[in-house]
Amino acid sequence: MIPIAENLIFHIQRTDSTNNYANQQIRLGSLPEGTVFLTYEQTSGRGQMQNIWESEPGKNLTFSIVLYPEFLEIRRQFMLSKVVALGIYSALSKYVDHLKIKWPNDIYVGNKKLGGILIENSVMSGLLKSTVVGIGLNVNQKVFLSDAPNPVSLQLLTNQQYDGEIILTEVLSEIKLYYELLRRGKKDEIDREYISALYRLYEMHNFRTEGENFIGEIIGVNEIGQLIIRKESGKILEFQFKEVEFLQAN
Ligand code: BTN
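Residues numbered from 1 in each chain as written. Predicted model: local features only at pLDDT ≥ 70, side-chain atom pairs only at ≥ 80, totals over all residues. Heavy atoms only, no water.

Engineer: Can you tell me about the packing of aromatic side chains, naming the residues and giving the values?
Structural biologist: Applying the stated criterion across every chain, the model contains 11 aromatic pairs. For the ring pair Trp103 and Phe241, a centre distance of 6.1 Å and an interplane angle of 80 degrees mean the geometry is edge-to-face. Of this pair, Trp103 sits in the loop between strand S4 (99-102) and strand S5 (106-109) while Phe241 sits in the loop between strand S11 (236-239) and strand S12 (245-246), placing them 138 residues apart in sequence. Put simply, the rings of Tyr108, Tyr199, Phe207, Phe214, Phe239 and Phe246 touch in pairs and so form one group of aromatic residues. Above the ring of Phe246, the side-chain terminus of Lys102 is found at 4.5 Å from the ring centroid. Directly above the ring of Phe214 sits Lys231, whose terminal nitrogen or CZ lies 5.4 Å from the centroid. (Phe/Tyr/Trp six-rings, centres within 6.5 Å; stacked < 30°, edge-to-face > 60°. Helix = DSSP H or I, 4+ residues; strand = E, 2+ residues; numbered from the N terminus. Lys NZ or Arg CZ within 6 Å of the ring centre and 35° of its normal.)

This is the structure we're talking about:
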């Protein structure tokens, strides 16, 4: 269960990365599942693929959740990406229209990125022992300085300011719902919702792999989280993260 009681949300003024912080705390001793580390300022926020995660101090949500998904086989670990992305998707749908989940787990509005997830698993004896779910959501930031290609925030999308703590509570409670679904084995339900939220599903677009561009449509995501794309020729390809790039122009 993910307890989201206020005393399990640790507010940290400044840290390099809440994922690093959470990982250190896990090593130090037993933390209840669902413990959250939230920071006002991240000095070395980490994104996927060794990217940096830009977040202006005090403007956004940058936090990490500690989970112990011991019930989940390692080969099904992509389910964690699905439940976390769906939780955020579901909570933020109240604030903005046209939200999508860009495979594997980016939160998108149109062609812009509103949030990202960095999941780090620790495995012992073939089981998932602990997981740190790092989440960055752009809430009130208006100017982005890094070379991240397409960031956006709730404020930029809606011209309104938001209370991050309220959004945090909503996001945690939705993630909890989906995580409990997973624990109860409701995999098909989660899969269905994830697929129906997927960015560019069943649309012809340009992609790039191994230095070559091709046109195809996303037709699903397989058991191990690979993206399934049907090329124009009808050939079906499966890609791991980093093996395929989404291109903007059609
Ligand atoms: C991505 O590249 O899309 C993933 C971004 C994840 C950023 C969050 S912010 C809180 C947590 N701490 C980190 O250093 N990264 C994650």
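Moving on from the coordinates now.
Engineer: Pulling in residues and values, what's your account of the sheet that holds strand S10 (residues 227-231)?
Structural biologist: An order of S11-S10-S9-S8-S12 is seen for the 5 strands of this open sheet, with the pairing classed as antiparallel. Of all strands in the sheet, those with a lone pairing partner are S11 and S12, marking the two edges. Bridge count between strand S8 (residues 204-209) and strand S9 (residues 212-221): 6 bridges; the pairing is antiparallel. Each residue of the ladder has a partner; that of Thr209, found in S9, is Glu212. (Pairing = 2+ DSSP bridges.)

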